[in-house]
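Each chain is listed here by its residues.
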Amino acid sequence: MLWRNTIQLFHSYKKVQFTGPFFAAGYTNYRVESPLSEKSTGTPKQPDIFACGPEGWLAIDLTCDDRSKKCQLDSYKDLDSRSLSTYGCRAYTTPPDTMSSRLTFGNDGNHCEMVVMNSFDLKKEEYIQNNPLRNALIEMKGKNLKKLPEIPFSLVPEMKHFEIRRGLIDIVMQLFDTKSEGKTPYQMCEEGLERLFALVTATSRQSLIDKIKAEMDVLVKKDLAGYLVLKDGKYCATEKFKQYPKTRQTVASKLQEWANPTQRTMADF
């Protein structure tokens, strides 16, 4: 929900009469987990999202963590806008506006905070320097986010371990369609990222592919041993499944156990 609802704020939908505040303010060129350089050191920093607007730019940290993101957001103020040229954006004379996106408000110091749960809320908007952006964010307050079109991505590069597994469940289930020819880790990454695929760097994509391989390796060797195999670089259903199609329900149950640690005992690890 956090990522989906935040990404929606960069888009506009006529059917549901919704225009996200970043879209309204002209911040339509955005990137996900892409590195930028610090001015003082050249050290690469990787905001969860950065975006370029007509007269300013923006760095956002997305978090479900109760802990403050003040230090992280502070560091984004030192980002060098000249490194935006890598992504087709021009340089700016001002530092980026910085903000967090959360499901509940936190305490992120002198940085704007968005809440993108079921409806949009905002606080500390006075720290947004770009007037059109600040006004668009204020205008968005109280707007319903529940009726927006579903964005079908299930993976983002920053996901770890069980988050990756939960994001893979539907993709893995597709392998047990009788017409499936299997999927490579790259194809699983592309499908999981959906529209975000073109917005992340090749390095971030490769990192996600490596994570997918690691989690799928556990699935092939343990949780779905005998049902799933890696063959010629593709994950495929075995003959055991094809002979007994009703095992699809068993597969779905095993996937839930694989992806949800609260359902497992210590002996499973």
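Remember, predicted model here, so these are calculated numbers, not experimental data. (Residues numbered from 1 in each chain as written. Predicted model: local features only at pLDDT ≥ 70, side-chain atom pairs only at ≥ 80, totals over all residues. Heavy atoms only, no water.)

Entries for the protein in the domain assignment read domain 1 (2-140) and domain 2 (161-268). On a C-alpha basis, the centroid separation for the pair domain 1 and domain 2 is 32 Å. On the side of domain 2, seven residues touch domain 1, which itself brings 11 residues to the contact. Summed over both partners, the interface of domain 1 with domain 2 buries about 660 Å², with 57% contributed by carbon and sulfur atoms. When the area that domain 1 buries against domain 2 is broken down by residue, the three leading residues are Y30, R31 and V32, summing to 55%. Summed over the shared surface of domain 1 and domain 2, the number is zero salt bridges. Across the contact surface, domain 1 and domain 2 share four residue pairs in polar contact (both at pLDDT 80 or more). (Domains from an automatic or database assignment. Contact = heavy atoms within 4.5 Å. Buried area = accessible area lost by both parts, 1.4 Å probe. Salt bridge = Lys/Arg side-chain N within 4 Å of Asp/Glu carboxyl O. Polar contact = N/O pair within 3.5 Å; in protein donor to acceptor, adjacent residues only side chain to side chain.)

Now for the confidence of the model for the protein. On average, residues of the protein score 90 in pLDDT, and 95% of them are at 70 or above. Predicted confidence is poor over residues 263-269, with pLDDT under 50, and the contacts of this stretch with residues over four places away or in other chains come to 12 contacts. (pLDDT = per-residue confidence, 0-100.)

Before going further, it helps to examine the packing of helix α5 (residues 161-174) against helix α6 (residues 185-193). Taken N-terminus to C-terminus, the directions of α5 and α6 make an angle of 125 degrees; their axes are 10 Å apart at the nearest point. Relative to α6, the element α5 lies oblique. α5 and α6 meet at a crossing whose hand is right-handed. Two secondary-structure elements touch here, α5 through L168, I171, V172 and Q174 and α6 through M188, E191 and G192. Residues that form the contact of α5 with α6 fall into these classes: four nonpolar, two polar and one charged. (Axes fitted to C-alpha atoms, helices over the stretch in contact; angles between N-to-C directions. Helix = DSSP H or I, 4+ residues; strand = E, 2+ residues; numbered from the N terminus. Parallel < 35°, antiparallel > 145°, perpendicular 65-115°, else oblique. Left-handed = near helix turned anticlockwise from the far one by under 90°. Nonpolar A, V, L, I, M, F, W, Y, C, P; charged D, E, K, R; others polar.)

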